[in-house]
Amino acid sequence: DRLVCTQCAQIHYLNPKPTVKGAVMREGKILLVRRAEEPGIGSWDLPGGYLEWDESPEPGLVREIEEEVGIQVEIVKLAGVFQRVWGVAGHNISILNLAYLCRWVSGEAKPLQLHELDQVVWVDPKNPPGRVGYGHYQELMRLIG
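As a starting point, this report considers the structure included with it. (Residues numbered from 1 in each chain as written. Predicted model: local features only at pLDDT ≥ 70, side-chain atom pairs only at ≥ 80, totals over all residues. Heavy atoms only, no water.)

Among the residues of helix α2 (residues 137-144), those classed as buried are Y137, L140, M141 and I144. Buried residues in α2, looked at end-on, bunch into an arc of 100°, giving them a common side. Lining the buried residues of α2 we find β3 (17-26), β4 (29-35), β7 (72-88) and β8 (91-106). (Buried < 20%, exposed > 50% of the residue type's maximum accessible area, 1.4 Å probe, protein only. Helix = DSSP H or I, 4+ residues; strand = E, 2+ residues; numbered from the N terminus. Arc of directions from axis to C-beta. Contact = heavy atoms within 4.5 Å.)

The full count for this structure, using the stated rule, is seven salt bridges. R34 is the partner of D118 in a salt bridge, and the nearest nitrogen-oxygen pair spans 2.9 Å. One end of the pair, D118, is in strand β9 (residues 117-123); the other, R34, is in strand β4, with 84 residues separating them in the sequence. Salt-bridge contacts for E64 lead to R63; the nearest nitrogen and oxygen are separated by 3.3 Å. Here E64 and R63 have matching classes, each one buried. Taken together, the shared-partner salt bridges in this structure form one network comprising E55, R63, E64 and E67. (Salt bridge = Lys/Arg side-chain N within 4 Å of Asp/Glu carboxyl O.)

Structure, rendered in structure tokens:
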């Protein structure tokens, strides 16, 4: 079922929204942020977010991480691509998430977008502090080894 213009027959595609996530590693630990908003309020997640309309994934991820937690990272590789449907504000949003393995370069991680996240921790990737809301965390951890 697609939305089609009755005047010109143009199809309005309900495409997934592109997002990026960073598995940021530092001295064997991974950076996790605790979500302060839905979806998944109170759960742990990897830093990242939505791409801007004219933004490529790698610069978008570097921007998102710097905006959210104030650190600089270097992207090592694309680790996986995952699709997910989120229930947000009473409707579903389909996302296409590009997950990257990243290396911490500089800065001290702290929550800068308090409406989005309220805590930042470096932890053993095999022992997160609670439920990780990112739906493919375990699969991503297997991919990056």
